[in-house]
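Structural overview
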Amino acid sequence: MDDKTILSRISDLVDEEHRLRSTAQSGHTGTDDDARTRLRELEESLDQCWDLLRRRRAARQAHGDPESQGARPVPEVERYLQ
């Protein structure tokens, strides 16, 4: 996966997140539990994508191979300190 593909995926995830949040704010949600679950999944996927993009850029900057970087598992990415 190249940077352009990752950025496109981030854009798609953000668009879906905005649609879900907008729908929730207008009171037209399906089931609140389903919406919350999906939002959590979107947030986790976004964290994974941003992590991968940052590591690919760091590898490139250090004259390494960005293609050697892969997505880390959600539990690993979610344990990072902000």
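Heads up: the structure comes first, above all this text.
These lines cover the structure that appears in this document, whether it is placed above or below. (Residues numbered from 1 in each chain as written. Predicted model: local features only at pLDDT ≥ 70, side-chain atom pairs only at ≥ 80, totals over all residues. Heavy atoms only, no water.)

Notes on the overall build of the chain
The following threshold applies: Where helices and strands are cited, they refer to DSSP runs of H or I of at least four residues and of E of at least two residues respectively, numbered from the N terminus. Note on method: radius of gyration uses C-alpha positions; expected globular size equals 2.2 Å times residues raised to 0.38. A 1.4 Å probe rolled over the protein chains alone gives each residue an accessible area, and that area as a share of the maximum for its type sets the label: buried under 20%, exposed over 50%, partly exposed in between. Under the convention used here, a 1.4 Å probe and the Shrake-Rupley method define accessible areas, while residue burial counts only the protein chains that appear. Asp and Glu count as negative and Lys and Arg as positive, but His and the ends of the chain are not part of the count. Taken as the charge location is NZ of Lys, CZ of Arg, CG of Asp or CD of Glu.
Summing up its helical and strand segments, the chain has 3 helices and 0 strands in all. Reading the chain from its N end, one meets helices and strands in the order α-α-α. Over its C-alpha trace the chain gives a radius of gyration of 15 Å, far above what one expects of a compact globule, namely 12 Å for 82 residues. With the principal axes as the frame, the chain shows a C-alpha extent of 50 × 25 × 20 Å. By residue count, 23% of the 82 residues in the chain fall in the buried class. When the accessible surface of the chain is summed, it comes to about 5900 Å², and 49% of that surface belongs to carbon and sulfur atoms. Looking at charge distribution, the chain has the averaged site of its 14 positive side-chain charges lying 4 Å from that of its 18 negative ones.

Regarding unusual backbone geometry
The phi angle at His-63 is positive, at roughly 65°, despite the residue not being glycine. Within the secondary structure layout, His-63 lies in the loop between helix 2 (32-61) and helix 3 (74-78).

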